Amino acid sequence: MDWYAFLFFIEVTVSGLLSGVMYAMVAIGFVLIYKTSGVLNFAQGAMVLFAALTFVSLVERGLPFLGALAATLIVMTLLGFAIERTVLRPLANRSPMVLFMATLGLSYVIEGLAQLVWGTQVHRLDLGISNAPFEIAGIYVSTFDLVAAGIAAAMVTALTLFFSFTRTGLGFRAIADDQFAALAVGLRLDRIWGTVWTAAGFVALVAGLLWGARLGVQFSLSLIVLKALPVLVLGGFDSILGTIVAGLLVGASEKLAEVYLGQFVGGGIEGWFAYVVALVVLLVRPSGLFGQKLLERY
């Protein structure tokens, strides 16, 4: 491999890693809900869409950037509490399949609500972040992707500190380990669930703004949830760290596969290669690379 080919390989890898961070941001919302309630929240993609659509619509109506950001955060907090009260709590003791179907139906309700409130037109979202590439040691990196990675790192750090050092965060970890033991020592399960759904709404807001700025705010934005599924399978449904690592692996592998293998299969491999990787991981380690293995006694 000559020097220019090596630089190109590094450039493709870095581009994939930065894209993987964007995937991981969506997947973190899944992990937060799943760890405390065992619910695979398929409505996370609709929440990403709703957050981005609310923000850009408020900005277009003359609200300042920070005002729109604060208002959207309040809306997503209320949405999170409403979901917990109206969907999760009444179905708390139902089977995982019932809960999954409930969140699947909820995703369509949220999309319909967004359409009813804000309309169906496509919006351009400008966060003031340049998308021009810049050069580092002969490697071109997207400014937007780099800033997005920094924002994602800050968000993960904030969530880690919150769940590691606050009373609510410690309660979250206790419920994730053993719900019955947490209830036995007096933890308020409903309060913890409400906080976690609020955190998931915050994650959806950050992901929605960044993905909306990259792709435009449109209803197909909710399909970004499909990019998060291989990340969840690879990293494990209950590991935030695993989600980040898996996002990086998925992003890098699909970019490299498209560049180096796509020419042999007619292209388009980037759209489905991550699912091949996830399938292989499922066959070898069903709990994911970082997920906890479930031990059952008979």
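One can find the structure itself at the top, above this paragraph.
If you're wondering where the values come from, they're calculated on a predicted model, not measured in any experiment. (Residues numbered from 1 in each chain as written. Predicted model: local features only at pLDDT ≥ 70, side-chain atom pairs only at ≥ 80, totals over all residues. Heavy atoms only, no water.)

Each helix and strand in the protein was counted, giving twelve helices and two strands. The order of α-helices and β-strands along the protein, N terminus first, is α-α-α-α-β-β-α-α-α-α-α-α-α-α. For the protein, whose C-alpha radius of gyration is 20 Å, the value lies close to the compact-globule estimate of 19 Å for 298 residues. Projecting the C-alpha coordinates of the protein onto the three principal axes gives extents of approximately 65 × 60 × 35 Å. The buried share of the protein, reckoned over its 298 residues, is 45%. Long-range pairs, those at least 24 residues apart, make up 73% of the contacts in the protein with a sequence separation of at least 6. Just so you have it, the protein exposes about 14,900 Å², and 68% of that area is on carbon and sulfur atoms. Of the charged side chains in the protein, 16 are positive and 16 negative, and the gap between their average positions amounts to 13 Å. (Helix = DSSP H or I, 4+ residues; strand = E, 2+ residues; numbered from the N terminus. Rg over C-alpha atoms; globule rule 2.2 N^0.38 Å. Buried < 20%, exposed > 50% of the residue type's maximum accessible area, 1.4 Å probe, protein only. Contact = heavy atoms within 4.5 Å. Areas by Shrake-Rupley, 256 points an atom, 1.4 Å probe, with all protein chains shown as cover. Lys, Arg positive; Asp, Glu negative; His and termini not counted. Charge placed at Lys NZ, Arg CZ, Asp CG, Glu CD.)

On to the side chain of T54. When you line up the elements, T54 lands in helix α2 (residues 44-60). Judged by relative accessible area, T54 falls into the buried class, the value being 2%. What T54 contacts, discounting residues up to four positions off in sequence, is T72, V75 and W118.

A few words on the nonpolar core. Side chains of a nonpolar character, in soluble globular proteins, are inclined to be buried together. Core analysis: the biggest nonpolar cluster contains 79 residues, and M25, L32, M47, I110 and W211 have the highest contact counts within it. Beyond its immediate stretch of four places on either side in the chain, M25 contacts A152, M155, V203, V206, A207 and L210. (Core = buried A, V, L, I, M, F, W, Y, C linked by side-chain atoms within 4.5 Å.)

Quick look at the pattern of salt bridges now. The tally for this structure, following the rule as stated, stands at three salt bridges. A salt bridge links E254 to K227; the nearest nitrogen and oxygen atoms lie 3.3 Å apart. Of the two residues, E254 sits in helix α10 (residues 240-260) while K227 sits in helix α9 (residues 225-235), which places them 27 residues apart along the sequence. On the basis of relative accessibility, which here comes to 0%, the residue E254 falls in the buried class. (Salt bridge = Lys/Arg side-chain N within 4 Å of Asp/Glu carboxyl O.)

So, about the packing of helix α1 (residues 3-37) against helix α5 (residues 143-165). Two elements in contact, α1 and α5, have axes separated by 8 Å at closest approach and are oriented at 30°. The angle between α1 and α5 places the two elements in the roughly parallel class. Crossing of α1 against α5: the hand is left-handed. Contacts between α1 and α5 involve L18, V21, M22, M25, I28 and L32 from the former and F144, D145, L146, A148, A149, A152, M155, V156, L159 and F163 from the latter. Considering only residue class, the contact of α1 with α5 consists of 15 nonpolar, no polar and one charged. (Axes fitted to C-alpha atoms, helices over the stretch in contact; angles between N-to-C directions. Parallel < 35°, antiparallel > 145°, perpendicular 65-115°, else oblique. Left-handed = near helix turned anticlockwise from the far one by under 90°. Nonpolar A, V, L, I, M, F, W, Y, C, P; charged D, E, K, R; others polar.)

At their nearest, the axes of α1 and α10 sit 6 Å apart, and the two run at 140° to each other. By the angle between their directions, the pair α1 and α10 is classed as oblique. For the crossing formed where α1 meets α10, the hand is right-handed. Classifying every residue of the contact of α1 with α10 by side-chain character gives 20 nonpolar, eight polar and two charged.

End to end, α1 covers 50 Å across 35 residues, agreeing with the expected 51 Å (1.5 Å per residue, within 8%). The principal kink in α1, of about 30°, is found at V26. (Expected span 1.5 Å × (residues − 1). Bend = angle between axes of the 7 residues up to and from the residue.)

Right, let's talk about the packing of aromatic side chains for a bit. For the structure on display, the rule yields six aromatic pairs. Summarising the aromatic geometry, the rings of Y34 and F237 are spaced 5.5 Å apart at their centres and angled 50° between planes, so their arrangement reads as tilted. Linking Y34 in helix α1 with F237 in the loop between α9 and α10, this pair joins segments that are 203 residues apart in sequence. The partly exposed category is assigned to F237, whose relative accessible area is 27%. Between R214 and the ring centre of W211, over which it is positioned, the NZ or CZ distance is 5.3 Å. (Phe/Tyr/Trp six-rings, centres within 6.5 Å; stacked < 30°, edge-to-face > 60°. Lys NZ or Arg CZ within 6 Å of the ring centre and 35° of its normal.)

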